[in-house]
Amino acid sequence: MATKTDDTADFGQVSRIRGIVFENITRAASFIGVFALFLLLVYTMLDAFQPQTASQEWYLLVGGVFGVPTLLAAGYGWRNRTAGTVALRALGIVTGAAVVTTALVLWLGSQLTVVMFVVAIFPTAATLVYLYTRRRALTVGLQLVGVIVAGGGVASVLALFLGTQATLVAAVTVGIPAALLLRYFLANPTVGKRGVVATVVAALGAMLAAVVLEFGSAFVPISLGERAVAVYALGAVLAVAVYAGVTLRQNRSGQVGLVVPFVFIAGVLVGYLFHRTYVIVAPVGPMLYGLTAGVPALVFAAMVYRDYDEGQLGLALPVVAAIGVAAGLAFHQRFIVQAPNTLLAFGLGIGAAYGGYAAYVRKTDAEGQSGLGLSVVVIGSLLVAILAERRLGLAGPDTWLDVSFLTSGSHYKPALTGVHPALVGSLYLMFIVAFVAFPLGVGTAIYLEEYAPDNRWKRLLEVNISNLAGVPSVVYGLLGVGVFVRYGGLSLGAIVAGGFTLALLILPIVIISSQEAIRAVPDSLRQASYGMGATRWQTVRNVVLPRAVPGILTGTILALGRAVGETAPLLMVGIAAVGGMPGELTGQGTALPLQVFSWSLDANPILRENVAAAGAMTLLIVLLSMNALAIVIRNRYEQTQ
């Protein structure tokens, strides 16, 4: 006789009260967390802006001239959602343009910013708009810009550690053979794979020899000096010999690739002997960048001119930008513009951004055109309120975060102090961090997710990357001192040393976030691409990466947001808490977190409370701007999918 059984899971006694209690507990926890952050923000804003110092007449003026029109515009936008969305986007574009213009003015100065807007930024933007309707040309133009930036960037990084002449010699003795071998590898993938692996093994052997030599010198007082290069080469040769002996027993295909590391070893030794013996009297800098950026760009342009008829227009993009920058610098060095350059810079930046968005809305969104009027009402009422305040001479808030605070250097008097050197130093740091961490992190994530075999070595590497993401930042500071200052030869306190250290700090985060974004792409899309006959590279480039870009960029920008607020690694590499304007990347400088930290420890209560709060608000604005950029990029790419 069959019996009926209940296979459903036993969830215990059902209690609606417990569910309600749990829901309210989670709601209370969320409310407490948000309220605590809100109180902290309000407390900081009160110290930085001091709204209690404004007169009642000022509040009446601002409320009547700016507040009432803004509320009316918000009410209309709430009823007409399309117009409200257009208005919010217009205000966001104006705010973003104001932030970018502020950064340019602080970095370049007001006159050079105006000149660059006219002769470089606007022509380049117009070229991009024109190429946007020709996607092949736009792709070619961006690829050519990437070739130039990559070549010049790698040369700049190597020049920081090796020197300009040594980098030029290395580009000739190592870079040219590497380019020729790459072309051969593309035609012979089996040989190429064996050669790349052998080269990596040789590099690991050279590094192992350096580590053994370093530890050995701690116990046995020996000094090899320049002969240490021979020891490194010997370590590389032995490593390749061991690799060849192990792999050739199993598979002899592509064995010609084992010669590749010896080509590089010979190139390094020849370049080292040449650099030690001779001094190049010609202008080394232009030669270096001409070889590392100009020659690859010419080769790429020749390939495009030969193969892509539609993409030839894209070759004009870097040409327009380069001519504009060169003309702007030449004009700035020879002439002085007698005009209110700061107001002119903001007028050009904000006006061009708003005008471009308004033209786009009028062309594509007829229903939302009224939203442009709402944004004009808000912006116009704000300008009228500012002009009326100055005309009537009303006493506004005695704020510390003003134009003088952003354009002044550090000073012991609160009324004269500012964050200009620290803000520029932070911008330099973020440029270095983005240039180093983004390509390395995304490249590693692509390899781990799309190319690396699923074995124990891959799992071990992923576990170590996850562990590195949780290492305290001060440990990365010690690593930066050891690697970049002691062995890399960078000076203690150099901006570039701090940038490289922060890049190491966020590199595991960039790798993990990029892996998650790539992993989120459905595998069915890959299989469909393979079914259409696409190769793995074509699948990664045309299918996987376009859909993973929103997550990759969002994770990277949020990681940059963490790096911009770090203090401990910068202190460890010797960056000063108070410093002047960094003249170059290898020079001394400071950063916003260090400047705020210095003010918070000052004996003067005004510096410790009000000025430090103004610096914290500046840092918070930078962080919020970066997070807003991440949201905009993510939404933009999600809409295009």
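Scroll up to find the structure this text is about.
The sections below set out a description of the structure shown in this document. The structure displayed is predicted, hence computed values, not measured ones. (Residues numbered from 1 in each chain as written. Predicted model: local features only at pLDDT ≥ 70, side-chain atom pairs only at ≥ 80, totals over all residues. Heavy atoms only, no water.)

**Quick notes on the overall build of the chain**
Logical step 1: Along the backbone of the chain there are 23 helices and 0 strands.
Logical step 2: Along the three orthogonal principal directions, the C-alpha set of the chain runs to about 100 × 85 × 60 Å.
Logical step 3: Taking all 641 residues of the chain together, the buried fraction comes to 34%.
Logical step 4: For the chain, contacts bridging at least 24 residues in sequence account for 78% of all contacts bridging at least 6. (Helix = DSSP H or I, 4+ residues; strand = E, 2+ residues; numbered from the N terminus. Buried < 20%, exposed > 50% of the residue type's maximum accessible area, 1.4 Å probe, protein only. Contact = heavy atoms within 4.5 Å.)

**A short note on helix H8 (residues 228-247)**
Three- or four-residue spacings in an α-helix give side chains the same orientation, since the helix completes a turn every 3.6 residues.
Logical step 1: A rise of 1.5 Å per residue sets the reference length of H8, with its 20 residues, at 28 Å; its end C-alpha atoms lie 29 Å apart and thus fit the reference within 8%.
Logical step 2: Of the positions making up H8, those classed as buried are Ala228, Ala233, Gly235, Ala236, Ala239, Val240, Tyr243, Ala244 and Thr247. Along the axis of H8, the buried positions cluster into a sector of 165°, meaning they face one direction only. (Expected span 1.5 Å × (residues − 1). Arc of directions from axis to C-beta.)

**Let's talk about unusual backbone geometry**
Logical step 1: The backbone phi angle of Gln50 is positive, close to 50°, even though this residue is not glycine.
Logical step 2: Among the structural elements, Gln50 can be located in the loop between helix H1 (16-49) and helix H2 (56-79).

**Quick word on a nonpolar patch on the surface**
Logical step 1: There is a patch of nonpolar side chains on the surface, built from Phe31, Ile32, Phe35, Phe38 and Leu39 and spanning about 550 Å² of accessible area.
Logical step 2: Mapped onto the secondary structure, Phe35 falls in helix H1.
Logical step 3: Classification of Phe35 by relative accessible area gives partly exposed; the value is 41%. (Patch = residues over 30% accessible without salt bridge, like charges linked within 9 Å, V, L, I, M, F, W, Y side chains within 5 Å. Areas by Shrake-Rupley, 256 points an atom, 1.4 Å probe, with all protein chains shown as cover. Salt bridge = Lys/Arg side-chain N within 4 Å of Asp/Glu carboxyl O.)

**Here we look at the packing of aromatic side chains**
Logical step 1: Enumeration over the complete set of coordinates arrives at 12 aromatic pairs.
Logical step 2: Residues Phe161 and Phe500 carry aromatic rings whose centres are separated by 5.6 Å and whose planes lie at 20° to one another, so their mutual orientation is stacked. Remark: Phe500 occurs in helix H18 (residues 495-519) and Phe161 occurs in helix H5 (residues 135-162); sequence separation between them is 339 residues.
Logical step 3: A relative accessible area of 6% places Phe500 in the buried class. (Phe/Tyr/Trp six-rings, centres within 6.5 Å; stacked < 30°, edge-to-face > 60°.)

**Quick notes on the side chain of Asn341**
Logical step 1: Tracing the sequence through the fold places Asn341 in helix H12 (residues 341-364).
Logical step 2: The class of Asn341 is buried, set by a relative accessible area of 9%.
Logical step 3: Setting aside residues up to four positions removed in sequence, Asn341 forms contacts with Ser110, Gln111 and Val114.

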